[in-house]
Amino acid sequence: MTIRPALRMTIGALTCFAILAVFLVGCGTNNGGGSLKTDFGVDTSAKTISLGILTPLSGPVAAPIGIPLTKGIETYFDAVNASGGIDGYKVKLIERDTQYDPQVEVSDYQQIKNQVAMFAESLGTPTTQAIVPLSANDHILVSAATLDSYLAREPYMVLIGTPYRLQVENAFDYIVKKLGVQHPKTGIIYQDDGYGQDGLTGYKEAMACYGLKNVGEATYEATDTTFTAQAAQLKASGAQYVFLTAIPTAAAGIIGTAHAIGYDPHWVLQSPAFASGLLQVKGLNTLLEHEAWVVGQGAAWGDTSVPGMAEMLQNIQKYDPGQQPDGYFEFGYTEAKVTYAILKKAFDNHDVTRAGLLNAFNSLNNVDVGGLYPTLHYGSAPNQRVPSRDNTVYSIDSSVAGNLKSLSGDFTGSCAEQSQF
Amino acid sequence: MAYFIQLAFAGLAQGCIYALVALGFTIIFKSSGVINFAQGEFLLVGAFIASVATFEWGLNFFLAVFIALLITVLIGVLFERFALRYMIGRPAFAIIMITIGLDILLRTGVVMTGKANERPPATPYGIASGVNYGGVHFGENALWTILVTLICCVALYIFFRYTRYGLAMRAAAIDQEAALAMGVNIRLVYALAWGIAAAVATIAGIFLAINVTTFDSTLGSIALFAFPAIILGGLDSIPGAVVGGVVIGLVQLLTQGYESHIANFVGIGFDTITPYLLMIIILLVRPYGLFGTRKVERV
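Residues numbered from 1 in each chain as written. Chains lettered and ligands numbered in written order. Predicted model: local features only at pLDDT ≥ 70, side-chain atom pairs only at ≥ 80, totals over all residues.

**As for the overall build of chain B**
Assigned secondary structure in chain B consists of twelve helices and two strands. Secondary structure elements in chain B, listed N-terminal to C-terminal, are α-α-α-α-β-β-α-α-α-α-α-α-α-α. Viewed in the frame of its principal axes, chain B has a C-alpha envelope of about 60 × 50 × 35 Å. Counting only residues that meet the buried cut, chain B has 52% of its 299 residues in that class. Put simply, of all contacts in chain B between residues at least 6 apart along the chain, 75% involve residues at least 24 apart. (Helix = DSSP H or I, 4+ residues; strand = E, 2+ residues; numbered from the N terminus. Buried ≥ 20, exposed ≤ 12 C-beta atoms within 10 Å, placed from the backbone. Contact = placed C-beta atoms within 7 Å.)

**Quick word on the overall build of chain A**
When helices and strands are counted, chain A shows 13 helices and 17 strands. For the C-alpha atoms alone, the extent of chain A along its principal axes is close to 105 × 40 × 35 Å. Within the span of chain A, comprising 421 residues, buried residues form 54% of the whole. A separation of at least 24 residues holds for 69% of the contacts in chain A among residues at least 6 apart in sequence.

**Some details on the interface of chain A and chain B**
With 34 residues of chain A at the contact, the number on the chain B side is 36 residues. Here the element with the most residues in the side of chain A that touches chain B is helix α8 (residues 248–260) of chain A; it accounts for seven residues. Among the residues forming the side of chain A that touches chain B, the class breakdown is 15 nonpolar, 16 polar and three charged. (Nonpolar A, V, L, I, M, F, W, Y, C, P; charged D, E, K, R; others polar.)

**Let's talk about the packing of helix α1 (residues 2–32) of chain B against helix α8 (residues 186–211) of chain B**
All names here are of chain B. Their axes nearest at 8 Å, the elements α1 and α8 cross at an angle of 170 degrees. Classified by the interaxial angle, the pair formed by α1 and α8 is roughly antiparallel. Between α1 and α8, the contacting residues are Ile17, Leu20, Val21, Leu23, Gly24, Ile27, Ile28, Ser31 and Ser32 on the first element and Val189, Tyr190, Ala193, Trp194, Ile196, Ala197, Val200, Ala201, Ile203, Ala204, Phe207 and Leu208 on the second. (Axes fitted to C-alpha atoms, helices over the stretch in contact; angles between N-to-C directions. Parallel < 35°, antiparallel > 145°, perpendicular 65-115°, else oblique.)

**Some thoughts on the sheet that holds strand β12 (residues 266–270) of chain A**
Residues and elements named next belong to chain A. What the seven strands build is an open sheet, ordered β10-β9-β11-β12-β13-β16-β17; its pairing is mixed. Across the chains shown, the open sheet's two edge strands, defined by having one partner strand only, are β10 (213–220) and β17 (404–406). Averaged over neighbouring strand pairs, the angle between their axes works out to 25 degrees when direction is ignored. Where helix α6 (residues 194–210) meets the sheet, it contacts β9 (185–191), β10, β11 (241–245) and β12, and its direction lies at approximately 165 degrees from that of β9. Against the sheet, helix α7 (residues 228–237) touches β9, β10 and β11, its axis set at about 175 degrees to β10. (Pairing = 2+ DSSP bridges.)

**Looking at the nonpolar core**
Formed by 223 residues in total, the largest nonpolar core has its most connected members in Leu244(A), Ala251(A), Val21(B) and Ala226(B). Among the elements that take part in this core, α8(B) stands out by supplying 19 residues, more than any other. Dropping the residues within four chain positions of it, Ala226(B) is found in contact with Tyr18(B), Val21(B), Ala22(B), Phe25(B) and Gly245(B). (Core = buried A, V, L, I, M, F, W, Y, C linked by C-beta atoms within 7 Å.)

**Let's talk about the environment of Ala209(B)**
Residue and element names in this part refer to chain B. Here Ala209 is to be found in helix α8. Judged by local crowding, Ala209 falls into the buried class, with 26 C-beta atoms found within 10 Å. Here the alpha-carbon distance between Ala209 and Ser51, two residues 158 residues apart in the chain, equals 9.2 Å. In this structure, Ala209 is in contact with Ala47, Ser51, Pro121, Phe215 and Leu219, ignoring residues within four places of it in sequence.

**Considerations on helix α4 (residues 92–112) of chain B**
Residue and element names in this part refer to chain B. If you check α4, its first and last C-alpha atoms are 30 Å apart, about what 21 residues at 1.5 Å a residue would give, namely 30 Å. All of the buried residues in α4 are Ile95, Thr99, Leu102, Asp103, Leu106, Arg107 and Val110. Along the axis of α4, the buried positions cluster into a sector of 120 degrees, meaning they face one direction only. Pointing more than 90 degrees away from the buried face of α4 are the exposed residues Phe93, Ala94, Met97, Ile104 and Met112. Here the buried face of α4 lies against α2 (39–55) and α3 (61–82). (Expected span 1.5 Å × (residues − 1). Arc of directions from axis to C-beta.)

**Points about the environment of Tyr263(A)**
Residues and elements named next belong to chain A. Along the polypeptide, Tyr263 turns up in the loop between α8 and β12. Residue class for Tyr263 comes out partly exposed when judged on the 19 C-beta atoms lying within 10 Å of it. Each C-alpha atom, one on Tyr263 and one on Leu69, is 35 Å from the other, the two residues being 194 residues apart in sequence. Here Tyr263 is in contact with Ala231, Leu234, Lys235 and Ala258, once residues within four sequence places are set aside.

**Some points on the pairing of β10(A)**
Residue and element names in this part refer to chain A. Bridge count between β9 and β10: seven bridges; the pairing is parallel. Paired with Ile189 across the bridge in β10 is Ala218. Considered for its hand, the β-α-β crossover made up of β9, α6 and β10 is right-handed. (Right-handed = clockwise from strand over helix to strand, strands pointing away.)

**What to know about the pairing of strand β13 (residues 292–296) of chain A**
Each regular strand shows side chains that alternate between the opposite faces of the sheet. Residue and element names in this part refer to chain A. β13 sits mainly inside the fold: five of its five residues count as buried. Covered by surrounding structure in β13 are Ala292, Val294 and Gly296 together with Trp293 and Val295, the residues of both alternating faces. Alignment of β12 against β13, held across four bridges, turns out to be parallel. Bridged to Trp267 within β13 is Ala292. Between the parallel elements β12 and β13, the chain passes through helix α9 (residues 284–291) in a crossover that is right-handed.

**Digging into helix α10 (residues 307–319) of chain A**
Residues and elements named next belong to chain A. Its 13 residues give α10 an end-to-end C-alpha distance of 18 Å, which sits within 8% of 18 Å, the value for a rise of 1.5 Å per residue. Every buried residue belonging to α10 is among Gly308, Met309, Met312 and Ile316, and all of these are buried. Considered in projection along α10, the buried side chains sweep an arc of 95 degrees and stay on one side of the axis. Away from the buried face of α10 by more than 90 degrees, exposed residues Gln314, Gln317 and Lys318 are located. Contact partners of the buried residues in α10: α2 (62–82) and α11 (327–348).

**Quick word on the confidence of the model for chain A**
When pLDDT is averaged along chain A, the result is 89, and 92% of the positions lie at 70 or above. The low-confidence segment residues 20–33 of chain A, where pLDDT is below 50, has ten contacts with residues more than four positions distant or belonging to other chains. (pLDDT = per-residue confidence, 0-100.)

**Considering the environment of Val80(A)**
Residues and elements named next belong to chain A. Along the chain, Val80 falls in helix α2. For Val80, a count of 21 C-beta atoms within 10 Å puts it in the buried group. Separated by eleven residues in sequence, Val80 and Val91 have C-alpha atoms that sit 7.9 Å apart. Ignoring any residue separated from it by four or fewer positions in sequence, one finds Val80 in contact with Gly85, Ile86, Val91 and Tyr340.

**Digging into the confidence of the model for chain B**
A residue-level look at chain B finds 98% of positions with pLDDT of 70 or above and a mean pLDDT of 87. Scoring the predicted complex yields pTM 0.81 and, for the interface, ipTM 0.81.

**A word on the packing of helix α10 (residues 238–258) of chain B against helix α12 (residues 270–285) of chain B**
Residue and element names in this part refer to chain B. Between α10 and α12, the shortest axis-to-axis distance is 8 Å and the interhelical angle comes to 145 degrees. Pair α10 / α12 crosses with right-handed handedness. From α10, Ile248, Val251, Gln252, Thr255 and Gln256 reach across to α12, where they touch Phe270, Asp271, Thr274, Pro275 and Leu278. A class-by-class count of the residues in the contact of α10 with α12 yields five nonpolar, four polar and one charged. (Left-handed = near helix turned anticlockwise from the far one by under 90°.)

**Remarks on unusual backbone geometry**
Most peptide bonds take the trans configuration, and most residues that are not glycine carry a negative phi. Residue and element names in this part refer to chain A. One non-glycine residue, Lys47, adopts positive backbone phi at about 55 degrees. If you trace the backbone, Lys47 turns up in the loop between β3 (42–43) and β4 (48–55). Its identity as a non-glycine residue notwithstanding, His350 has a phi of 60 degrees, on the positive side. Tracing the backbone through its elements, the reader meets His350 in the loop between α11 and α12 (354–362). With 16 C-beta atoms counted inside 10 Å, the residue His350 sits in the partly exposed group.

Here is the structure:
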């Protein structure tokens with residue numbers, strides 16, 4: 001049998017078309033109402049979208065931070081799934097324990113990156129830093145549970161809240177502009193790592209902005225077990241206000257030691273430097289309540305006049321009834337709201353591929369988190385990726401839920417307003 | 001001057017804690033030739049049990065310390081009895097790995113209780129207790145740390161010098177086979193060494209926890225600073241462990257206090273490396289440490 005050339009060309013063209021059609025079907029699937037483009041982590045038959053969680057579930061950071069923060073994310077998505085999911089797609093969380101170890105984080109990331117559409121949590125500065133180049137290479141969005149400023153310059157990193165650097169600037173704005181203390185003698189004690197350097201950068205910018213009289217700087221290692229040198233150094237300098245970019249145990253050691261050697265300045269704690277557990281220490285609790293402030297963010301726990309807080313408390317009753325007041329839970333819950341906004345936008349655009357998710361993130365503009373945090377802003381340039389620049393200065397009060405009481409209300413200082421990323 | 005004295009006093013107290021940790025290393029090494037990498041975690045477990053006994057069980061401080069001592073000594077003795085005893089004659093590397101395993105087990109055990117974060121220490125006095133003289137604060141915890149370390153040193157000296165078991169331990173340290181031939185119970189010697197090491201680590205842990213105001217499961221990492229102390233003093237020398245610990249504590253605190261004056265030259269965090277720098281310098285001059293025994297082998 002012979003086939004005429006014209007017919008042969010037609011068969012060839014049809015075959016090519018069929019192959020192309022099969023390829024296109026493989027790349028994008030139909031979602032009933034319109035074509036939904038998908039690649040990693042989306043199961044169109046089971047109607048699920050998988051998100052990765054990289055968090056310490058064991059080790060010293062797990063109990064105070066990792067576990068409550070992750071529970072916040074779980075609770076939020078439990079509620080989302082119960083109300084039908086996102087455009088009918090249920091959210092599935094794939095969790096891995098990083099032990100707060102950058103090497104374990106990288107290994108966990110590599111294990112699950114092809115199973116997830118994006119990472120809904122990567123907790124910690126050193127751990128997240130370890131996966132920044134990987135996520136850029138894999139074009140995968142990562143929601144970072146750290147406020148390290150430099151992440152704002154990384155296009156695949158999603159920040160939640162005001163970076164550490166701006167926290168310091170806002171704290172000194174409160175002292176100089178709100179309290180009217182002119183040219184205060186100030187000092188800083190910071191952890192000798194990336195977290196501490198971010199605090200120090202903010203402190204130096206604040207010095208220039210507010211005419212602070214910097215009289216003392218001291219540093220400590222995360223493994224230090226004595227703080228006499230730092231306390232004695234700041235005592236000798238005569239600083240009236242001392243900023244602490246520290247972890248809770250170090251903050252407790254510094255404040256306690258300084259008090260013992262007769263030095264009681266006003267301490268201003270970076271948000272991660274405070275933990276409610278510090279109030280259990282006899283003597284230290286009084287010092288914290290009388291001589292320390294915390295600069296941070298977030299609605300007061302239990303304040304049901306804030307819609308987001310009322311919603312969160314309702315969801316806690318339904319999905320995690322044993323949860324105690326915890327700022328990290330609130331952070332995780334807020335973080336999940338931002339992840340939801342990215343996913344929702346991507347579903348609305350009918351594109352939940354990694355490129356589609358990045359596009360959705362870059363075009364988010366404002367995300368209303370129901371007042372849990374101030375409205376968060378996002379965009380494609382580094383300055384636009386700083387989600388907020390405002391903070392609240394809190395006093396420490398063991399009689400209120402969450403142990404923090406707002407002194408300043410939410411505000412953005414002039415220095416933080418102008419700070420460039 | 002007050003600034004210098006404040007730093008020196010704190011350095012002396014911190015050095016005493018290093019000395020107690022170093023003593024534990026040295027006692028085990030002298031009697032069995034094993035470097036116990038779990039020594040730091042004995043310190044954590046001791047401080048943790050004392051804290052739990054005080055705050056969760058509502059016990060008196062001294063009773064809490066007694067219970068902590070009892071439990072850590074028991075852990076040390078049982079570990080020697082049921083793990084190390086089967087390793088006699090095995091390569092030193094294998095024994096070291098087993099002590100690293102114990103280190104991980106103890107720390108994980110504390111973490112798994114879920115009560116190891118921002119833990120308040122068991123303490124009989126307030127955070128500012130002490131006396132002020134000439135602009136220097138002599139903290140009660142630091143004073144007790146120095147005094148108790150002295151008492152421990154004297155007690156250990158009397159034990160090793162004048163008691164039957166002390167003599168047995170010294171004999172086993174010099175020549176195990178000869179000691180065995182003379183009827184020394186080597187198993188008892190090992191058990192005693194582990195028990196004493198666990199006890200001094202617990203005492204160090206309780207003082208250290210009070211010193212840092214709150215503690216977590218990383219408390220045992222202080223053992224890293226006791227290593228230069230024992231190497232500097234001489235791995236097999238008990239007086240060397242004490243002198244090494246005190247020297248390291250003093251050098252570290254004084255460097256911390258004055259490094260900001262030479263920050264342009266040395267940068268920040270110089271105090272972290274000074275113990276190791278000092279150790280290297282001493283070893284270049286005296287390869288067996290300040291008080292270590294020079295090994296002479298017949299070839």
